[in-house]
Amino acid sequence: MPEIDGLQLVETIKSRFPQVPVILMTAHGSEDIYLARYRGTDGAHVWSTRQGSSGATYSEVIATDGSRIFVGGEFFGTVNLGGFDLDWVGPAVGGTFDAFVASYNASDGSHVWSERFGGMGLDMTTSIASSSTRLAVGINFDDTFTIGTHTFKTESYEDVAIARLNPSTGAPSAASTQFASSTPASASIGRNTMALVYTSDRLAGVGTFSGSTNLLGTDLSSAGDHDIACFRVDF
């Protein structure tokens, strides 16, 4: 930070703008995540919380069903997102990051549950959708990836696994599927290019791809460099 450190900046803001709330958080690892809630009527701060520990944690996506907040991302090392420690399996199998999904109470930010998902390679939670009764996540992975009883293998550089989780516990349901590129040289539906949303408990999604891909059993081929694929399923 040019000409001033973080603590000096906080003190300056507090002295010059006393009406602006200042919250100081200290990371426990190389990278931590924070979660905050503000009042919708006037933007006033309601609560904020820091999560992490000795490892590095990166948040990617967030969703809510009104009473609970769901956060997804990736981590390495050992992290604690408010419950018990989550251990990165990367060193044992040659992976880089593992994916995580965590749930917090919307009323006060207290931890409800947190889960790790991963295998060999790079695993990241990059999309998430919730309804009053369902929770779905999209996890980008390369190489081999396991969630619940399902193990997936990439067909190209990077694929996306879509999985249902129990919104109350985070446990994977029996329903899981995979976006898998059918052409090794093509790019599958990839990181930060897919969005998920629930509409009346049916899951809708949109993403980009190039070359050839198989979307829920349907073969698709792009007409140009990148095309858009959409779907809506009972999931």
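Structural data are supplied above this passage.
Small disclaimer: the values here were computed from a predicted structure and weren't measured.

S.K.: Whenever I open this one, the nonpolar core confuses me. Can you help?
M.R.: The nonpolar side chains of a soluble globular protein tend to be buried, and buried together. Within the largest apolar cluster, 18 residues are counted, with the highest numbers of intra-cluster contacts made by I128, F145, I147 and L165. Mapped by element, the contributors of at least two residues to this core are β3 (56-64), β7 (98-105), β8 (111-119), β10 (135-141), β11 (144-147) and β13 (159-165). The residues contacting I147, other than those within four sequence positions of it, are F117, I139, F152, A163, L165, P172 and S176.

S.K.: I would appreciate a short explanation of the pattern of salt bridges in the present structure.
M.R.: When charged atoms on two side chains of opposite charge get close, those side chains can pair. This structure, assessed with the given rule, holds five salt bridges. Two residues, R39 and D42, come together in a salt bridge whose shortest N-O distance is 2.8 Å. Using a relative accessible area of 43% as the deciding quantity, one classes R39 as partly exposed. The partner of D143 in a salt bridge is K153, with the nearest N and O atoms 3.5 Å apart. With a gap of 10 residues between them, D143 in the loop between β10 and β11 and K153 in strand β12 (residues 150-153) connect regions that are remote in the sequence.

S.K.: Mind showing me how you'd approach the packing of aromatic side chains here?
M.R.: In this description, an aromatic ring pair is defined by two values, namely the gap between the centres and the angle between the planes. Counting across every chain of the model gives five aromatic pairs. With a centroid separation of 5.9 Å and 75 degrees between ring planes, the pair formed by Y58 and F97 is classed as edge-to-face. Placement of the pair is Y58 in strand β3 and F97 in the loop between α2 (90-93) and β7, with a sequence separation of 39 residues. Residue classification places Y58 among the partly exposed positions, given a relative accessible area of 29%. The structure contains a cluster of three or more aromatic residues connected by ring pairs, namely Y58, F76 and F97.

Rules and cut-offs
Residues numbered from 1 in each chain as written. Predicted model: local features only at pLDDT ≥ 70, side-chain atom pairs only at ≥ 80, totals over all residues. Heavy atoms only, no water. Core = buried A, V, L, I, M, F, W, Y, C linked by side-chain atoms within 4.5 Å. Buried < 20%, exposed > 50% of the residue type's maximum accessible area, 1.4 Å probe, protein only. Helix = DSSP H or I, 4+ residues; strand = E, 2+ residues; numbered from the N terminus. Contact = heavy atoms within 4.5 Å. Salt bridge = Lys/Arg side-chain N within 4 Å of Asp/Glu carboxyl O. Phe/Tyr/Trp six-rings, centres within 6.5 Å; stacked < 30°, edge-to-face > 60°.

Keep in mind these values describe shape, not function.
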